[in-house]
Each structure stands twice: as C-alpha cells, then as structure tokens.
Amino acid sequence: MGILGFFVLAMIVFASYAGLESRLGRTDRRIARVEHKLDLILGHLDIQQHEPELEQVAALARDGRKIQAIKAYREFTGAGLKEAKDAVERME
C-alpha cells in the first residue's frame, strides 16, 4: 500500500468517525430533550425524584472533593467525563 492508499484509508476512517460523532451528538440532544420533558412532567405532578447516589456526589462536591465527585457521578449515571464535570460544577 503506497502513501496514496494510506491517505485514502485515513480519510475513510476520519469520515466514519465524524459521522459517528455527529449521530452520537444528535442522540445525546434527543436524550436531553426527553429527560427535560420527564422533569417537567414530574414537576407538574409534584413528584420528587429521590436519587441517593447523587446526594453522595453532591456531598463530595460540597466537601471540595471534585475529582471523586466526578468519578462517582460517572459511575452512577454512566455519563461521559465532560457531562459529569458539568453536573458536578452545577452541584457546587
């Protein structure tokens, strides 16, 4: 395989990755919209959602243990690093 073949293969891989990244982004936005709607429904019905795991995360964040809080948030929710970091920062 010459340099041209390697370049073409690299471009195919890059394009595939970009397409996957785009689809994942759309899926994340859809999930966020559904979660927002569910939160609105719960609020309208005056239903409190109790998640003890997230209370532990909030306690870690309040104690200044941000890295442990991010790790715990990711473990409990399955969120990515950026999402977990943003969520913990909102809890502080």
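Residues numbered from 1 in each chain as written. Predicted model: local features only at pLDDT ≥ 70, side-chain atom pairs only at ≥ 80, totals over all residues. Heavy atoms only, no water.

**Student:** Can you walk me through the overall build of the protein in this structure?
**Tutor:** Along its length, the protein carries four helices and zero strands. Helices and strands in the protein line up, N terminus first, as α-α-α-α. Rg of the C-alpha trace for the protein: 20 Å, well past the compact-globule value of 12 Å for 92 residues, more than 25% over. For the protein, the spread of C-alpha atoms along the three principal axes comes to 60 × 35 × 15 Å. Per-residue burial over the protein gives 14% buried out of 92 residues. Partitioning the contacts of the protein with sequence separation of at least 6, the portion at a separation of at least 24 is 20%. For the protein, the exposed surface amounts to about 7700 Å²; the carbon and sulfur share of it is 61%. Measuring between centres, the 14 positive side-chain charges of the protein sit 8 Å from its 14 negative side-chain charges. (Helix = DSSP H or I, 4+ residues; strand = E, 2+ residues; numbered from the N terminus. Rg over C-alpha atoms; globule rule 2.2 N^0.38 Å. Buried < 20%, exposed > 50% of the residue type's maximum accessible area, 1.4 Å probe, protein only. Contact = heavy atoms within 4.5 Å. Areas by Shrake-Rupley, 256 points an atom, 1.4 Å probe, with all protein chains shown as cover. Lys, Arg positive; Asp, Glu negative; His and termini not counted. Charge placed at Lys NZ, Arg CZ, Asp CG, Glu CD.)

**Student:** How do you make sense of helix 4 (residues 81-91) when you look at a structure like this?
**Tutor:** Along an α-helix, residues three or four apart share an orientation, since each turn contains 3.6 residues. Taken as a whole, helix 4 has its buried residues at Ala 84, Ala 87 and Val 88. Down the axis, helix 4 shows its buried residues gathered within 95° of arc, on one side only. What points out from helix 4, more than 90 degrees from its buried face, is the exposed set Lys 82 and Arg 90. (Arc of directions from axis to C-beta.)

**Student:** Looking at this structure, how should I read the confidence of the model for the protein?
**Tutor:** Detail in the predicted coordinates should be disregarded across regions flagged by low pLDDT. Per-residue pLDDT for the protein has a mean of 86; in total, 98% of the residues score no lower than 70. Confidence, expressed as mean pLDDT per element, reaches its minimum in the protein at helix 1 (residues 3-44) with 84 and its maximum at helix 3 (residues 66-77) with 93. (pLDDT = per-residue confidence, 0-100.)

**Student:** What exactly am I supposed to notice about the nonpolar core here?
**Tutor:** If you look at soluble globular proteins, the nonpolar side chains tend to sit buried side by side. By size, the foremost hydrophobic cluster in this structure holds 11 residues: Val 57, Leu 60, Ala 61, Ala 69, Ile 70, Ala 72, Tyr 73, Ala 79, Ala 84, Ala 87 and Val 88. No other element matches the four residues that helix 3 contributes to this core. (Core = buried A, V, L, I, M, F, W, Y, C linked by side-chain atoms within 4.5 Å.)

**Student:** What is the right way to look at helix 1 in this model?
**Tutor:** In this model, helix 1 (42 residues) spans 61 Å end to end at C-alpha, consistent with the 62 Å of a helix rising 1.5 Å per residue. In the segment just after helix 1, Asp 46 is the residue with positive phi, at about 55°. (Expected span 1.5 Å × (residues − 1).)

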